[in-house]
Amino acid sequence: MERIYLDHAATTPVRPEVLEAMIPAYKNTFGNASSVYSWGREARKAIDDARAITADILGAEFNEIIFTGSGSEADNLAIKGAAWKQQHKGKHIITSAIEHHAVLDTVKWLEANGFDATYVPVDEDGLVSAAAVEEAIREDTILITIMHGNNEMGTIQPVEDIAVLAKDRGILFHTDAVQTVGSLPIHVKDMGVDMLSLAAHKFYGPKGVGALYVRKGVRLDPLIHGGAQERNRRAGTEDIPSIVGLTKALELADSERREVKPRLIAMRDRLIQGLEQIPDTKVNGHRDKRLPNNVNVCFRYIEGESLLLNLDMMGIAASSGSACTSGSLDPSHVLLAMGLSHEVAHGSLRLTLGRSSTEADVDYVLKHVPPIVKRLRDMSPLYQA
Amino acid sequence: MYTDKVMDHFQNPRNVGEIANADGVGEEGNVRCGDIMKLWIKVEDGRIMDAKFKTFGCGAAIATSSMITEMVIGKTLEEAQEISNQAVAEALDGLPPVKMHCSNLAADALQKALDDYKAKQSA
Ligand SMILES: Cc1ncc(COP(=O)(O)O)c(C=O)c1O
Ligand code: FES
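Counting from 1, residues in each chain are numbered in the order their sequence is written. All chains are assigned letters beginning with A, and all ligands numbers beginning with 1, in the order in which they are written. The predicted origin of the model limits local features to residues at a pLDDT of at least 70 and limits the giving and counting of side-chain atom pairs to 80 or more, whereas totals for whole chains, interfaces and linings rest on all residues. Side-chain calculation: all heavy atoms of the structure are included, whereas hydrogens and water are not.

It is worth spelling out the interface of chain A and chain B at this point. Contact criterion: two residues are considered in contact whenever any of their non-hydrogen atoms come within 4.5 Å of each other. In this complex, chain A contributes 21 residues to the contact, which on the side of chain B involves 23 residues. For chain A, the biggest contributors to the area lost against chain B are L329, M379 and P381 of chain A; these three give 35% of the whole. A salt bridge links E305 of chain A to K99 of chain B; its shortest N-O distance comes to 2.7 Å. Pairing of N or O atoms within 3.5 Å defines a polar contact, subject to two protein rules: one partner must be a possible hydrogen donor and the other a possible acceptor, and residues neighboring in sequence count only if both atoms are side-chain atoms. Counting across the interface, chain A meets chain B through 11 residue pairs in polar contact (both at pLDDT 80 or more). Going through the elements one at a time, helix 10 (304–313), helix 12 (342–345) and helix 13 (359–378) of chain A are the ones with two or more residues in the side of chain A that touches chain B. Going along the chain from the N terminus, every DSSP run of H or I of four or more residues is numbered as a helix, and every run of E of two or more is numbered as a strand. Among the elements that take part in the side of chain A that touches chain B, helix 10 of chain A stands out by supplying five residues, more than any other. In terms of residue class, the side of chain A that touches chain B is built from 11 nonpolar, five polar and five charged. By convention, the term buried area covers the 1.4 Å-probe accessible surface removed from two parts as they join, with the contributions of both added. We define a salt bridge as a contact between a side-chain nitrogen of Lys or Arg and a carboxyl oxygen of Asp or Glu at a distance within 4 Å. Residue polarity is assigned by list, with Asp, Glu, Lys and Arg as charged and Ala, Val, Leu, Ile, Met, Phe, Trp, Tyr, Cys and Pro as nonpolar; anything else, Gly included, falls into the polar class.

What follows deals with helix 2 (residues 59–72) of chain B. What a helix should span is 1.5 Å times the count of its residues minus one. Between its terminal C-alpha atoms helix 2 of chain B stretches 20 Å, which fits the 20 Å expected from 14 residues at 1.5 Å a residue. Directly after helix 2 of chain B, the chain includes G74 of chain B, whose backbone phi takes a positive value near 95°.

Residues and elements named next belong to chain B. Any two strands are treated as partners once DSSP identifies two or more bridges connecting them. Sheet architecture is open: three strands sit in the order 1-2-3, paired in antiparallel fashion. The sheet is open, and its two borders are formed by strand 1 (24–29) and strand 3 (47–56), each paired with just one other strand. The average undirected angle you get between the axes of adjacent strands in this sheet is 15°. Across six bridges, strand 1 lies against strand 2 (residues 36–44) in antiparallel orientation. Residue pairing for strand 2: E27 is matched across the bridge by K38. Note on definitions: angles span 0 to 180 degrees between N-to-C directions of axes, and those axes are lines fitted to C-alpha atoms, for helices only across the stretch in contact. Along the sheet face, helix 5 (residues 100–122) touches strand 1, strand 2 and strand 3 and points at about 145° away from the line of strand 1.

Remember that the coordinates give geometry; whether it matters functionally is a separate question.
The structure is reproduced here in C-alpha cells:
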C-alpha cells in the first residue's frame, strides 16, 4: 500500500546529504573539542565552522549561538535561564495561551517556584495581538516569550511588533521558532528578538539537537552545570555529528527555500480548499499568516482518533488535537484557546506537508478523507444526515 | 497499540444504526474525554433480540460499542445486567490501560438502556 507521511510538524526524516555530512564527524572528528592536541583542535574546528555557518544564516554573530540537546532544552534554557538571572529585577513573565508545552510547562514550573505569569489570549484565528501583550506588561515584567509559528494550527505571530514593545521597555523577548526555522527566512536582528529557539529535526536534521540564539549582552543562568562548553552556558562534551547535521540541514533549507516554500503553499491551499468542501468543516488558524506546510481542520460530529486510525489504514499519517489522542484526555489547549468547543476540537485533523509531498498525495488525501468522514458521521449519535 | 480484535471491530463495527420503536434506549457520555454512545435494544419475552449503537468516540469506544451489541443479543435481561466493562474489554483481548475508561461508555450505556426498558414496562 501507498504510504503518505503528513506529519512533518511532528518530525522530519534526516536528509541523505545531512547524514552524509555527519558520517565523517562520527568516523574522524571524534576528539574532545576541549583537548589541546590535534584531535581536539579538529573537533573544535568542526564546531566552530558549524557555529559560524548557523550564525550567518540566522543573521547572528558567532558567539550568539548555543547548541542544545533539543528544541525543548533551548526553550527551557531561555526561559528559566533568563528568569533566574533577573529575579532581583522582577518576577513577572508574559507568554501566550497557545505555546508549545516546552514553553508552557516551563513557565508553569517557574510559577510554582515563586514567579508570576500572564497568559495572553488569542483571537479566533489563533493570533496573539501585540496590544494584548503590551497591556499585560507590568513594572516587574522581566521576560516575554511568544512563539513564532504555532505547531498545531500554523498561525504566525507578530513577533517583530512584540519585539519592539519589549525593547522599548527593556524587557527580554524570547521566541520559540522551532516550527519556522528552516521553513521561513529568519533573521534574528531584523526580527529584533533577544532569544530564539530552534530544533534540527523539524528541518530534516537529526533529532536530539537544537540551538538557542542569545543576543550579545543577554545573560542567562545555565540549566546544565559542569564544563565550560558553549561559553559556560551549557556544560557537556559537544555532540559534533549532531551539530554538523543541524548546520547542514539549515544550509540546505536556506538554499532551497525559494523553490520549496511556494510549492508547499500551493499544496497546502489546495488541501484546505478541498477539505473545506466537506459540510460542517471548520478551518483552524489564520488563512495567510500561516506556516507553508500546515493544514488544520475540524470535522464536526466525529472524533479525531478514530479519524486517524482510518487514515492510517489508507496509509496516511496525520495527527489530531482530540482528547482521545492526548495522554491527558484533554483536547488541544491551542484549539480551546481559539474558542472552539470541546466537542468541535475533538474532531480536529492536522496534516503537515514536507519536501516529499506531491500533488498526487494531495489528490489521494482529498479522495480518501470525505468517505471516511461520512462513515464516521453515519456512526455518530450527534449527526443528523 | 490496539489488539487485532479491537481493530476488527473498529474497521467492521457490528450493529451500527438505530432501532425504530426500540424497547429501551440508553445514552452515555464519557466524563473523561467527552465521548458519547447511544444504544438501542429490542426485547422479546425477557430476552434481547436486537441491539444497535451509534458512537462519537475513539477507536476503543467504537470497538467496545460494537462488541457489547454482539454480547447482549440473545441474552436475557438478567444476563445482560451482569456484563461489566472489564468483560467487554476482555472479549476484545484487552485494551491499553489509558483506554480502559472507554469501555465504561459501552457498559454504562447498556445499563441505561436496560433501566429505560424497565421504566417503560412499569409505566
Ligand atoms: C513549537 C515547538 N516548540 C518546541 C518543540 C520541542 O522541540 P524538541 O522536540 O526538539 O524538544 C516543538 C516540537 O516538538 C515545537 O513544535
Ligand atoms: S472514548 Fe475518548 S479516549 Fe476512548
